[in-house]
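The lines below spell out each chain.
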Amino acid sequence: MEEISSRLTHTLPADLAAAVRAALDDWRQNKKVARLWARDASLWTGADEARWLGWLELTRTTEAECRELTAFAKEIQSEGFTHALVLGMGGSSMCPEVLAETFGRQPGFPALHVLDSTDPAQVRACATRIDMMKTLFIVASKSGSTLEPNIFKDYFFERVKESAGPSKAGMRFIAITDPGSKMQQVAERDGFRKIFFGVPSVGGRYSALSNFGMVPAAVMGLDPEKLIARAREMACQSAAEDSLEQNPAIALGAILGVAALRGRDKVTLVASPRIFDFGAWLEQLLAESTGKDGKALIPVDRERLDEPARFSKDRIFVYLRFAAAPDPLQDGVVAALAEAGHPVVCVSLRDEYDLAAEFFRWEIATAVAGSILGVNPFNQPDVEASKIETRKLTSVYETSGALPAESPLVSENGVQLFTDARNAAELAQLSGDDRSLAGFLRAHLARLAASDYFALLAYIEMNAAHEKSLQQIRHAVRDARRVATCLGFGPRFLHSTGQAYKGGPNTGVFLQITCEDADDVPVPGAKYTFGVVKAAQARGDFAVLAERKRRALRVHLGKDVPAGLAMLLAAVRRALA
């Protein structure tokens, strides 16, 4: 295994290694590292990339700024807050989630939670976990116009007003938003305790080291200065131009970009148990940054490891190894993958605070990979397409009191299948006389070809039981069809992998899962509910997939989601038999 630095090693097939060396030679000869740091948009598409490179400067956060965050955290601690709840979406919530899952609750500080789902059951479960009177609500929205954080804020602000009274509710809320945003106006109107500003030139998925990541980090009791110091260490190494083969970020980006151009675009993430949630942040960065113009790095997170023969030649494996507590089983399987000829990159973290260094390393690497792929890694055109469709549907509901009627392909024991006309015609032809649930699923999964991937898009509550059932479905498909598989919970994946699913190559076969909400939750001041918003998001997502001629099918479960998932798993197994 070739060592790039003390914390990055790789084993690559000879042809891929040669192509990576050629790419690094190009970067060296054309002084591309210096051009990246100089914000030269011609490294990518020559569009507006220079406007979105403010994240390069985030490691210059001063000690005084860090001390301000620490002082605020102590203020919250001293007032007896026991919980902190981030109300956000996408880039505003992924970093706090990773920190909370990795570090856990710090002694004497509030437990940090994140809400990034409009599923009514998840909203309700989140409200149950916290004490309204002892929770600091962190409303995180860069633009201030994103639907989900706005309705989260409306819901919890009303709940707190009921508990603490209208005059005291605002002191339990803070906002993280860009200067001049609608959220700043809302926070000032409602008397929020404090407003922390984002950097306008930093996009959401590149904002981990800004206030969007560092304010929640401080509130939960982490040391912002130590986090920034680790990131600064990586920034210094990433700026080196003399030996790009030893540059821990540039070399990584070159490997990923070149591998994708050569057909290995399924970036399969393997993470040590201690840092398992890092993949959630990473898949957003990779997919939303590169998944456009028919190209993409398709991140594959939390897929079960297996023997090398089960994996096709469209894979590149990235092992995120926690050096202080590695998993011997993972070590052995990853070594076997490399021995079998699969490209393997190993990124080593010394401790939890190295996450900050990894945030920066991967941002640089993703920008480099985007340059090699020839895409703009700082826009997300297809995310907006889904938002537009969602707004159309919620507007219909506000006017008529109902979403447009639908007709299922099939209804079987309370489970229904839906799709668009083009997909319906193709599935009818492939299924022949078998118009059952399993028959249509068999036809749908038969559309998977070599180098395709299968993605489950689950608009249901994100919890351990549901994830276990969905993992069984994904692995049944993977093992039968020998394709990469992805699993995302909606609507949060819309702000991450959803971009690649719609803007990347047409190599995905999608199974969207929706449900009948057993107990809906109202949105204050609106006719629609959280359940209606989620349904509109799912339909809007599907409409854009269909418009992009993606192979997509929707399964609608009843109110008993566990029973519906069990039925779906059984049908998938019959379909694959």
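Small disclaimer: the values here were computed from a predicted structure and weren't measured.

A. Spotlight on the side chain of lysine 142. By secondary structure assignment, the location of lysine 142 is in the loop between strand S5 (135-140) and helix H6 (147-164). Its relative accessible area of 18% is what places lysine 142 among the buried residues. At 2.6 Å, the side chain of lysine 142 and the side chain of aspartate 178 are in polar contact. Those residues in contact with lysine 142 that sit more than four places away from it in its chain are Trp52, Ser92, Thr177, Asp178, Ser181, Val199, Pro200, Val202, Gly203, Gly204 and Phe212.

B. View of the packing of helix H3 (residues 63-78) against helix H8 (residues 211-219). One way to put it is that H3 packs onto H8 with a least axis distance of 8 Å and a crossing angle of 45 degrees. On the basis of their axis angle, the class for H3 and H8 is oblique. The interaxial crossing formed by H3 with H8 has right-handed handedness. Residues Leu69, Phe72 and Ala73 of H3 pack against Asn211, Met214, Val215, Ala218 and Val219 of H8. When its residues are assigned to classes, the contact of H3 with H8 shows seven nonpolar, one polar and no charged.

C. Fine view of the state of the cysteines. For the coordinates displayed, the defined rule picks out zero disulfides. With no disulfide partner, cysteine 126 has as its closest neighbouring cysteine sulfur the one in cysteine 515, 17 Å distant. We note that cysteine 236 lacks a disulfide partner, and the nearest cysteine sulfur, in cysteine 66, lies 15 Å from it.

D. Structural context of the packing of aromatic side chains. Tallied over the entire structure, the rule returns 25 aromatic pairs. Residues tryptophan 55 and tyrosine 206 carry aromatic rings whose centres are separated by 5.0 Å and whose planes lie at 25 degrees to one another, so their mutual orientation is stacked. One end of the pair, tryptophan 55, is in the loop between helix H2 (32-37) and H3; the other, tyrosine 206, is in the loop between strand S7 (194-197) and H8, with 151 residues separating them in the sequence. By the burial criterion, tryptophan 55 is buried, and tyrosine 206 matches it. An aromatic cluster of three or more residues is present, and its members are Phe137, Phe152, Tyr155, Phe156, Phe157, Phe173, Phe192 and Phe530. Of note, lysine 153 hangs over the ring of phenylalanine 157, and the distance from its end group to the ring centre comes to 4.3 Å. In this arrangement the basic side chain of lysine 194 is found over the ring face of phenylalanine 196, its NZ or CZ atom lying 5.3 Å from the centre.

E. Summary view of the sheet that holds S5. Read across the sheet, five strands follow the order S4-S3-S5-S6-S7 without closing on themselves; strand pairing throughout is parallel. Every other strand in the sheet has two partners, leaving strand S4 (111-115) and S7 as the edge strands with one partner each. Across the sheet, the mean angle separating the axes of adjacent strands is 20 degrees when strand polarity is ignored. Here strand S6 (residues 173-177) runs beside S7; their pairing, made up of four bridges, is parallel. Among the inter-strand pairings, threonine 177 is bridged to a residue of S7, identified as phenylalanine 197. Packed on one face of the sheet, helix H5 (residues 120-129) meets strand S3 (83-87) and S4 and runs near 165 degrees to S4.

F. Broad picture of the packing of helix H4 (residues 94-103) against helix H11 (residues 278-290). At a minimum axis separation of 8 Å, H4 and H11 run at an interaxial angle of 160 degrees. Judged by the inter-axis angle, H4 sits roughly antiparallel to H11. Considering how the two elements wind past one another, H4 and H11 form a crossing that is left-handed. Every residue of H11 that contacts H4 at Met94, Cys95, Glu97 and Val98 is listed here: Phe278, Ala280, Trp281 and Gln284. Partitioning the contact of H4 with H11 into residue classes produces six nonpolar, one polar and one charged.

Definitions and cut-offs
- Residues numbered from 1 in each chain as written.
- Predicted model: local features only at pLDDT ≥ 70, side-chain atom pairs only at ≥ 80, totals over all residues.
- Heavy atoms only, no water.
- Helix = DSSP H or I, 4+ residues; strand = E, 2+ residues; numbered from the N terminus.
- Buried < 20%, exposed > 50% of the residue type's maximum accessible area, 1.4 Å probe, protein only.
- Polar contact = N/O pair within 3.5 Å; in protein donor to acceptor, adjacent residues only side chain to side chain.
- Contact = heavy atoms within 4.5 Å.
- Axes fitted to C-alpha atoms, helices over the stretch in contact; angles between N-to-C directions.
- Parallel < 35°, antiparallel > 145°, perpendicular 65-115°, else oblique.
- Left-handed = near helix turned anticlockwise from the far one by under 90°.
- Nonpolar A, V, L, I, M, F, W, Y, C, P; charged D, E, K, R; others polar.
- Disulfide = S-S within 2.5 Å.
- Phe/Tyr/Trp six-rings, centres within 6.5 Å; stacked < 30°, edge-to-face > 60°.
- Lys NZ or Arg CZ within 6 Å of the ring centre and 35° of its normal.
- Pairing = 2+ DSSP bridges.

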